[in-house]
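# Overview (structure and organization)
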Amino acid sequence: DGNADGSGRAARRDIDMLEGVVYDRKNMTYDELYNHIVDTQSIVTCCIDAHFTAFQILSPKFLIYYDPMNPSLRLVRGESQVQHVALYFLLKCNYGDNVHIQENKNYYVGNSSSELQLTVYRLWKKINTL
């Protein structure tokens with residue numbers, strides 16, 4: 001067997017099973033983090049209110065996620081819906097730089113802000129005023 005070393009044990013390989021997985025806080029703004037997970041098609045895992053969840057953006061128009069209250073994977077379609085759901089999960093998991101949002105409002109809602117940055121700010125404000 002090509003995977004064993006003759007003793008029945010698996011041969012050691014330099015495999016990083018967490019490569020391509022976002023599982024903890026990153027030192028990035030939420031728009032940078034969103035773009036990172038889109039570009040790398042990373043799987044994002046976390047717990048929200050003690051419930052495990054995970055999602056992956058397959059393309060800017062398709063996202064799949066695990067909802068612990070549903071026995072099957074869910075599919076989100078459409079660029080704006082994908083963005084909204086992904087940012088909601090990232091914000092609820094606190095995976096981006098929340099201090100940046102608090103201290104740099106103009107970055108998110110200023111004249112040169114992108115639609116993505118505006119969405120980040122609106123969702124962050126909604127989540128933090130509930």
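To be clear, the structure that these remarks concern was listed above.
Below is a short write-up of the structure. Predicted model, so just to flag it, every value in this text is computed and none were measured.

### Some words on the overall build of the chain
Along the backbone of the chain there are five helices and five strands. For the chain, the residues scored as buried account for 38% of the 130 residues in total. Pairs at least 24 apart in sequence give 42% of the contacts found in the chain among residues at least 6 apart. Carbon and sulfur atoms make up 49% of the accessible area of the chain, which totals about 8,500 Å².

### Notes on the packing of aromatic side chains
Applying the stated criterion to the full structure yields six aromatic pairs. Their ring planes at 80° and their centres at 4.8 Å tell us that Tyr107 and Tyr108 sit as a pair that is edge-to-face. Taking the relative accessible area as the measure of exposure, Tyr108 reaches 0% and is therefore buried. Each residue in the set Phe55, Tyr65, Tyr88 and Phe89 is aromatic and connected to the rest through ring pairs, giving one cluster.

### Some points on the state of the cysteines
Taken as a whole and assessed by the stated rule, the structure comprises one disulfide. In this model Cys47 remains outside any disulfide bridge; the closest cysteine sulfur is found in Cys46, 6.7 Å from its own.

### A look at the nonpolar core
One finds Phe55, Ile57, Leu63 and Leu90 to be the most contacted residues of the largest nonpolar core, which totals 31 residues. Among the elements of the structure, helix H1 (30-40), strand S2 (43-48), strand S3 (51-59), strand S4 (62-66), helix H2 (79-92) and helix H5 (115-127) are those that each provide at least two residues to this core. Element by element, the count of residues in this core is highest for H2, at seven residues. With residues near it in sequence (within four places) discarded, Ile57 still touches Tyr34, Ile37, Val38, Gln41, Ser42, Phe62, Leu63, Val82 and Ala86.

### Here we look at the sheet that holds S3
Pairing in this open sheet of five strands is mixed, and the strands run S1-S2-S3-S4-S5 from one edge to the other. Two strands bound the open sheet, and with one partner strand each, they are strand S1 (21-22) and strand S5 (73-77). Where S3 and S4 come together, five bridges link them in antiparallel fashion. In the strand pairing of S4, Gln56 is matched with Ile64. Across the sheet, H2 is in contact with S2, S3, S4 and S5; its angle to S3 comes to roughly 145°.

### Considering the side chain of Thr29
Its location among the elements puts Thr29 in the loop between S1 and H1. For Thr29, a relative accessible area of 7% corresponds to the buried category. Thr29 has contacts with Asp97, His100, Tyr107 and Tyr108, leaving out every residue within four places of it along the chain.

Calculation rules
- Residues numbered from 1 in each chain as written.
- Predicted model: local features only at pLDDT ≥ 70, side-chain atom pairs only at ≥ 80, totals over all residues.
- Heavy atoms only, no water.
- Helix = DSSP H or I, 4+ residues; strand = E, 2+ residues; numbered from the N terminus.
- Buried < 20%, exposed > 50% of the residue type's maximum accessible area, 1.4 Å probe, protein only.
- Contact = heavy atoms within 4.5 Å.
- Areas by Shrake-Rupley, 256 points an atom, 1.4 Å probe, with all protein chains shown as cover.
- Phe/Tyr/Trp six-rings, centres within 6.5 Å; stacked < 30°, edge-to-face > 60°.
- Disulfide = S-S within 2.5 Å.
- Core = buried A, V, L, I, M, F, W, Y, C linked by side-chain atoms within 4.5 Å.
- Pairing = 2+ DSSP bridges.
- Axes fitted to C-alpha atoms, helices over the stretch in contact; angles between N-to-C directions.

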